[in-house]
Amino acid sequence: MEIDPIDGPDVLLNGVVDPTRLDDLGRLLGYFGLPYELELSDENNALVRETRG
């Protein structure tokens, strides 16, 4: 994962995540009280799944 600064208070995490662990990543961010929006894309950059918390 890479952490990329963007305008405003948000932070962009960019990298490769095992699709079966996307919910685990969301739970980890939630555990630390961080709001999040996660997008999972396929190899063609098409959105496969989206989750937020």
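Here the structure is shown first, and the text comes after it.
Residues numbered from 1 in each chain as written. Predicted model: local features only at pLDDT ≥ 70, side-chain atom pairs only at ≥ 80, totals over all residues. Heavy atoms only, no water.

(A) Main features of the pattern of salt bridges. The final tally for this structure, using the stated rule, is 5 salt bridges. Residues R52 and E37 are paired through a salt bridge, measuring 3.6 Å at the closest nitrogen-oxygen approach. In this pair, R52 sits in strand 4 (residues 47–52) while E37 sits in strand 3 (residues 37–41), placing the two residues 15 residues apart along the sequence. R52 is the salt-bridge partner of E50, the closest N and O atoms lying 3.4 Å from each other. Exposure remark for R52: the relative accessible area of 55% places this residue in the exposed category. Via salt bridges that share partners, R21, D24 and R27 belong to a single interconnected network. (Salt bridge = Lys/Arg side-chain N within 4 Å of Asp/Glu carboxyl O. Helix = DSSP H or I, 4+ residues; strand = E, 2+ residues; numbered from the N terminus. Buried < 20%, exposed > 50% of the residue type's maximum accessible area, 1.4 Å probe, protein only.)

(B) Here's a closer look at a nonpolar patch on the surface. On the surface, a cluster of nonpolar side chains totalling about 410 Å² of accessible area is made up of M1, I3, V11 and L13. Assignment of secondary structure puts I3 in strand 1 (residues 2–5). (Patch = residues over 30% accessible without salt bridge, like charges linked within 9 Å, V, L, I, M, F, W, Y side chains within 5 Å. Areas by Shrake-Rupley, 256 points an atom, 1.4 Å probe, with all protein chains shown as cover.)

(C) Local environment of the packing of aromatic side chains. For the structure on display, the rule yields 1 aromatic pair. Ring geometry for Y31 and F32: centres 5.2 Å apart, planes at 85 degrees, overall edge-to-face. Side by side, Y31 and F32 carry an identical accessibility label, which is exposed. (Phe/Tyr/Trp six-rings, centres within 6.5 Å; stacked < 30°, edge-to-face > 60°.)

(D) Local environment of the side chain of T51. Inspection of the secondary structure puts T51 in strand 4. The class of T51 is buried, set by a relative accessible area of 19%. Dropping the residues within four chain positions of it, T51 is found in contact with L22, Y36, E37 and L38. (Contact = heavy atoms within 4.5 Å.)

(E) Focus on the pairing of strand 1. For strand 1 and strand 2 (residues 11–14), the ladder comprises 4 bridges, and the chain directions are antiparallel. Residue P5 lies in a different strand from strand 2, and its bridge partner there is V11. Between strand 1 and strand 2, which pair antiparallel one after the other, the connecting turn spans 5 residues, and G8 there sits at a positive phi close to 85 degrees. (Pairing = 2+ DSSP bridges.)

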